[in-house]
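# Structural overview for review
Here's the letter readout for the chains.
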Amino acid sequence: MPLHDLEKYRLMAPGPVPMSEKVQKALALPMIHHRTPEFDEILKQALEGLKWIFQTEQPVLILPTTGSGGMEAALVNTLSQGDEILCVVSGKFGERWKTMADIYGVKTEVFNVPWGESLDLTKFENQLKQKPYKAVLTQVSETSTATLNPIEQMSQLIKRTQTSALFMVDAISAIGCTPLPMDQWGLDVVVAGSQKAFALPTGLSFVALSKKAWAANSTAKLPRFYLDLKLELEANKRGETHFSSQVLIIRALNAALQDFRSSGLETMIRDVEKRANATRKAALALGLKIFSESPSPSVTAVRLPDGLKGAELRSLIEQKYKVTLMGGQDHMKGKILRFGHMGAITPDDVLASIEALALGLREMGVEMPDKTIVAALSVAREALS
Ligand SMILES: *Cc1c(COP(=O)(O)O)cnc(C)c1O
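Attention in this report is confined to the structure presented alongside it.

Definitions and cut-offs
Residues numbered from 1 in each chain as written. Predicted model: local features only at pLDDT ≥ 70, side-chain atom pairs only at ≥ 80, totals over all residues. Heavy atoms only, no water. Helix = DSSP H or I, 4+ residues; strand = E, 2+ residues; numbered from the N terminus. Buried < 20%, exposed > 50% of the residue type's maximum accessible area, 1.4 Å probe, protein only. Contact = heavy atoms within 4.5 Å. Areas by Shrake-Rupley, 256 points an atom, 1.4 Å probe, with all protein chains shown as cover. Salt bridge = Lys/Arg side-chain N within 4 Å of Asp/Glu carboxyl O. Expected span 1.5 Å × (residues − 1). 1 Å grid on protein atoms, 1.4 Å probe; cavity = no way out; pocket = protein on both sides within 12 Å on 5 of 7 lines; lining within 4 Å. Points joined across faces, edges and corners; volume = space filled by probe spheres on them. Nonpolar A, V, L, I, M, F, W, Y, C, P; charged D, E, K, R; others polar. Near = heavy atom within 4 Å. Polar contact = N/O pair within 3.5 Å; in protein donor to acceptor, adjacent residues only side chain to side chain. Sits in = over half its atoms within 2 Å of the grid points. Pairing = 2+ DSSP bridges. Core = buried A, V, L, I, M, F, W, Y, C linked by side-chain atoms within 4.5 Å.

Scanning the protein from terminus to terminus reveals 13 helices and 15 strands. Dimensions of the protein along its principal axes, counting C-alpha atoms only, are 65 × 55 × 30 Å. Taking all 385 residues of the protein together, 56% fall into the buried category. Excluding contacts between residues fewer than 6 apart, the proportion of contacts in the protein whose partners are at least 24 apart in sequence is 73%. On the protein, roughly 15,800 Å² of surface is accessible, and the fraction owed to carbon and sulfur atoms is 53%.

Right, dumping it as structure tokens:
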């Protein structure tokens, strides 16, 4: 021990994530102006590629903001002050979206899902029957708890019980990680972000609206200036972005999308799922538990043994074994460690991160015989193959 190279730095967070060499090269190209035929072509291709990955016929817009800006754009472009909406809150990002809506004077009701638990569809249906909502908001994958929500079933229930509600999903850690066909599942607003499965630098958000959401846009009265989707759409129709384009990241996005398209969406999703599966199996083999009842493919939260100082373990793994993992937030601080599965991660990265976890635990006084580690790694290797 160690069986893997633990001198090499490995970024295993659920965003930002490692970037492919092709993307890094694209990012290193010289700056060009965004009002040039060369960039026009790049933008056109990138916008087409986004429609492909969102699985939609509707335009997908590129916003010069992180994912949270995309979440804000979703609200301010479709809602008015006083609208009643239902926010599914199953972790930090659900709380964030509700907070944003509160700040804009939207009337929010919360459908609370305790952290890490599966969303109860019967309870959800009962909530939907209470009254008509203007919108229902949820995360697809709640990254803070590593939990996947049952979006297809939720969408069906909304269609059955609500006549006009828009179903808005934060798919920031879901697109490219789990099936999410926007048009087929009847999703009205879908938000993604560049530093998750797109494996790009942080700084872009991608937002798509259904026809129904665009119709809502024409009467939505919340104030907006920088994140005005209608103006962005009109600019795209002229072959431009509304404000100065982030040439470097959009050029890299185009390169990344070409790669995703040549390997296929199914392959991309399967790779993420394999890493998640390998990590979960290895954690169980190490004697640990998985925090979430409905684990997300994009991130795994491993529950740490009771009483163990999780924050110390996290920094030990980073300092000594050069693997960056994320801890828990709020009441889960120090109690879970989160492993990201998105981006240009190799099977060796997955195995090294598991070994680093095991060695870190051993160093913190948890009994961890060599043969247990070897067994966990072999289970993981099999799941990755
Ligand atoms: C990362 C993430 C966000 C926040 O995105 P930022 O780019 O940090 O603004 C929101 N929702 C989910 C589910 C995420 O994973």
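Anyway, onward from the coordinates.
This paragraph deals with the pattern of salt bridges. Under the defined criterion, the tally for this structure stands at 16 salt bridges. Measuring nitrogen to oxygen at the nearest pair gives 3.6 Å for the salt bridge that ties Glu125 to Lys129. Of the residues examined, Lys129 reaches a relative accessible area of 54% and is grouped as exposed. The network of salt bridges with common partners includes Lys8, Arg10, Asp348 and Asp349.

Its 17 residues place the ends of helix 12 (residues 347-363) 24 Å apart at the C-alpha level, agreeing with the 24 Å of an ideal helix rising 1.5 Å per residue. Counting buried positions along helix 12 gives 13 out of 17 residues, so the element sits mostly inside the fold. Positive phi appears at Gly365, one or two residues downstream of helix 12, with a value of about 100 degrees.

Turning our eyes to something else, we now look at the layout of surface pockets. Taken as a whole, the largest pocket holds about 360 Å³ of empty space. If you trace the largest pocket, you find 19 residues lining it, with Phe260, Met268, Arg275, Gly343 and Ala344 closest to the centre. When residues of the lining of the largest pocket are traced back to their parent elements, those giving at least two are helix 9 (247-263) and helix 10 (265-285). Split by residue class, the lining of the largest pocket holds 11 nonpolar, 5 polar and 3 charged.

Near the ligand, the surroundings consist of 13 residues, among which Thr66, Ser68, Thr143, Asp170 and Lys196 are the closest. Side-chain polar atom of Ser68 to an oxygen atom of the ligand: 2.6 Å apart, as the coordinates give it. In isolation the ligand has 390 Å² of accessible area, and contact with the protein removes 89% of it. Judged by its atoms lying within 2 Å of the grid points, the ligand is housed in the second largest pocket. Considering every element that reaches the shell around the ligand, the biggest residue donor is helix 3 (residues 67-76), with 3 residues. For the shell around the ligand, the per-class residue count stands at 3 nonpolar, 7 polar and 3 charged.

Moving on, we come to the pairing of strand 2 (residues 60-63). Taking every second residue as pointing to the same face, both faces of strand 2 are buried, with Val60 and Ile62 on one and Leu61 and Leu63 on the other. Where strand 2 and strand 10 (residues 205-209) come together, 4 bridges link them in antiparallel fashion. The residue of strand 10 that forms the bridge with Leu63 is Ser205.

Turning next to the nonpolar core. Note that soluble globular proteins tend to have their nonpolar side chains buried in a common cluster. Among the nonpolar cores identified, the biggest contains 62 residues, and Leu50, Ile53, Phe54, Ile62, Phe124, Phe198 and Phe206 are the most heavily contacted of them. With near-sequence residues (within four places) excluded, Ile62 lies in contact with Leu43, Ala46, Leu47, Leu50, Leu204, Ser205, Phe206, Glu232, Ile250 and Leu253. Leu308, Leu316, Tyr321 and Ala376 belong to the second-largest nonpolar core, a separate cluster that totals 35 residues.

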